[in-house]
Amino acid sequence: MSSSLILCSTLSKALIKRSLIHSSTQVRQSTSDRFAYVPGGPIYKGTVNDPTTFPPPSKTHSSYDWAFERLVSAALVPMTVAAFAMSGTNYPIFDGILGLSLIIHSHIGFDSSAVNYLHPRKFSVLGPNVKWTLRAATVGTMVGVYQFNTNDIGLTELIAKVWAA
């Protein structure tokens, strides 16, 4: 029993001594390389460590866009209440504005998801296809809501009938 303890202690001392010698030679070898050790990790030029280029300023893709999104979102609450307080058939313009605002709000939300999660750099085919599919679906939905509001009962009357059923 005691011989095994002595063997374990001498073996562990030898491993520690060997690892210290090996680590000191690694430090000496790494400082003689072309890529010197930099605290915080190495920084390579021309790879993912390069800073991203900022897009050029645009009024459609900036804080104006974010402010417009917040304005539409905040305006939907009183607009929805007002649309159900007044009949949609008496005020078809108001019904159309509500339908358009809902479509714009939905488009901005889905577009933000596509921009954030389907970036063209990572999804070179799927990202642009989803973006153009969303645009086509938004235009199709606008045409459908316009047809429904002008040729049928309208959006608020439909919701009121579904709610009462």
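Bear in mind the structure is a predicted one, so any value in this text is a computation, not a measurement.

Draft legend 1. Representation of the overall build of the protein chain in the model. When its secondary structure is counted, the protein chain shows five helices and zero strands. Reading the helices (α) and strands (β) of the protein chain from amino to carboxyl end gives α-α-α-α-α. Sorting the 165 residues of the protein chain into buried and exposed places 12% on the buried side. Once local pairs closer than 6 in sequence are excluded, the contacts in the protein chain between residues at least 24 apart make up 54%. Per element, the accessible surface of the protein chain, about 13,300 Å² overall, is 68% carbon and sulfur.

Draft legend 2. How the structure looks around the layout of surface pockets. Its boundaries defined by the atoms lining it, the second largest pocket holds a volume of some 200 Å³. Put simply, the parts of the chain that give the lining of the second largest pocket at least two residues each are helix H3 (92–117) and helix H4 (126–151). Looking at the lining of the second largest pocket residue by residue, the class counts come to seven nonpolar, four polar and no charged.

Draft legend 3. Region of interest: the packing of aromatic side chains. This model, assessed by the stated rule, comprises zero aromatic pairs. The ring of Trp 66 carries the charged tip of Arg 70 above its face, separated from the ring centre by 4.5 Å. Seen from the ring of Trp 132, Arg 135 lies directly overhead, with NZ or CZ sitting 4.4 Å from the centre.

Draft legend 4. Region of interest: a nonpolar patch on the surface. Together, Phe 84, Leu 158, Ile 159 and Val 162 line one region of the surface with nonpolar side chains, adding up to about 330 Å² of accessible area. Looking at which element gives the most residues to the nonpolar patch, the answer is helix H5 (residues 155–164), with three residues. Counting through the fold element by element, Val 162 comes out in helix H5. Judged by relative accessible area, which is 58%, Val 162 ranks as exposed.

Draft legend 5. Focus on H3. Here H3 spans 38 Å end to end across 26 residues, near enough to the 38 Å set by a 1.5 Å rise per residue. All of the buried residues along H3 are Asp 95, Leu 98, Gly 99, Ser 101, Ile 103, Ile 108 and Ala 114.

Draft legend 6. Spotlight on the environment of Leu 126. Among the structural elements, Leu 126 can be located in helix H4. What makes Leu 126 partly exposed here is its relative accessible area of 44%. The spatial distance from the C-alpha of Leu 126 to the C-alpha of Ala 114 is 9.8 Å, given a sequence separation of 12 residues.

Draft legend 7. Broad picture of the packing of H3 against H4. The N-to-C vectors of H3 and H4 enclose an angle of 170°; their axes lie 10 Å apart at closest approach. By the angle between their directions, the pair H3 and H4 is classed as roughly antiparallel. The residues of H4 that touch H3, namely those facing Asp 95, Gly 96, Gly 99, Leu 100, Ile 103, Ile 104, His 107, Phe 110, Asp 111, Ala 114 and Val 115, are Val 130, Lys 131, Leu 134, Arg 135, Thr 138, Thr 141, Met 142, Val 145 and Asn 149. A per-class count over the contact of H3 with H4 returns 10 nonpolar, six polar and four charged.

Draft legend 8. The arrangement of the confidence of the model for the protein chain in detail. For the protein chain, the average pLDDT comes to 77, and 64% of its residues sit at 70 or higher. Summarising per-element confidence for the protein chain, the mean pLDDT is lowest in helix H1 (residues 2–31) (53) and highest in H4 (94). Contacts of residues 23–28 to residues separated by more than four positions or lying in other chains number zero contacts, the stretch itself having pLDDT below 50.

Reading the values: rules and limits
Note on numbering: residues in each chain are counted from 1, in written sequence order. Owing to the predicted nature of the model, reporting of local features is limited to residues with pLDDT of at least 70; listing and counting of side-chain atom pairs is limited to 80 or more, with chain, interface and lining totals taken over all residues. For the side-chain quantities, the full set of heavy atoms in the structure was used; hydrogens and water were omitted. Working definition: helices are DSSP H or I runs of at least four residues, strands are E runs of at least two. Numbering for both runs from the N terminus. Per-residue accessibility, obtained with a 1.4 Å probe over protein chains only, is compared with the maximum for each type, and a residue is labelled buried under 20%, exposed over 50%, and partly exposed between these values. Contacts were defined at the residue level, with two residues in contact if any of their heavy atoms lie within 4.5 Å. What sets the accessible areas is the Shrake-Rupley method with a 1.4 Å probe; for residues, cover comes only from the shown protein chains. Buried and open spaces are told apart on a 1 Å grid over the protein atoms alone, a cavity being a set of points where a 1.4 Å probe fits but cannot get out and a pocket being an open set with protein on both sides within 12 Å along at least five of seven lines. Residues with an atom within 4 Å of a point are the lining residues. Grid points are joined across faces, edges and corners, and a volume is the space filled by probe spheres set on the points. Ten residues, namely Ala, Val, Leu, Ile, Met, Phe, Trp, Tyr, Cys and Pro, are considered nonpolar, four, namely Asp, Glu, Lys and Arg, are considered charged, and the remaining ones, Gly among them, are considered polar. Pairing of aromatic side chains here covers Phe, Tyr and the six-membered ring of Trp, requires ring centres within 6.5 Å, and sorts the geometry by plane angle: under 30 degrees stacked, over 60 edge-to-face, intermediate tilted. Over a ring means this: the NZ of a Lys or the CZ of an Arg is within 6 Å of the ring centre and within 35 degrees of the ring normal. Each patch is assembled from residues with relative accessible area greater than 30% and no salt bridge, linking like charges that lie within 9 Å and nonpolar side chains (Val, Leu, Ile, Met, Phe, Trp, Tyr) that lie within 5 Å. Salt bridges are identified by distance alone: a Lys or Arg side-chain nitrogen within 4 Å of an Asp or Glu carboxyl oxygen. Each residue after the first adds 1.5 Å to the expected span of a helix. Between N-to-C directions, angles span 0 to 180 degrees; the directions come from axes that are lines fitted to C-alpha atoms, helices contributing only their stretch in contact. For classification, angles of less than 35 degrees are called roughly parallel, those exceeding 145 degrees roughly antiparallel, those between 65 and 115 degrees roughly perpendicular, and all remaining angles oblique. In predicted models, pLDDT denotes the confidence assigned by the predictor to each residue on a 0 to 100 scale.

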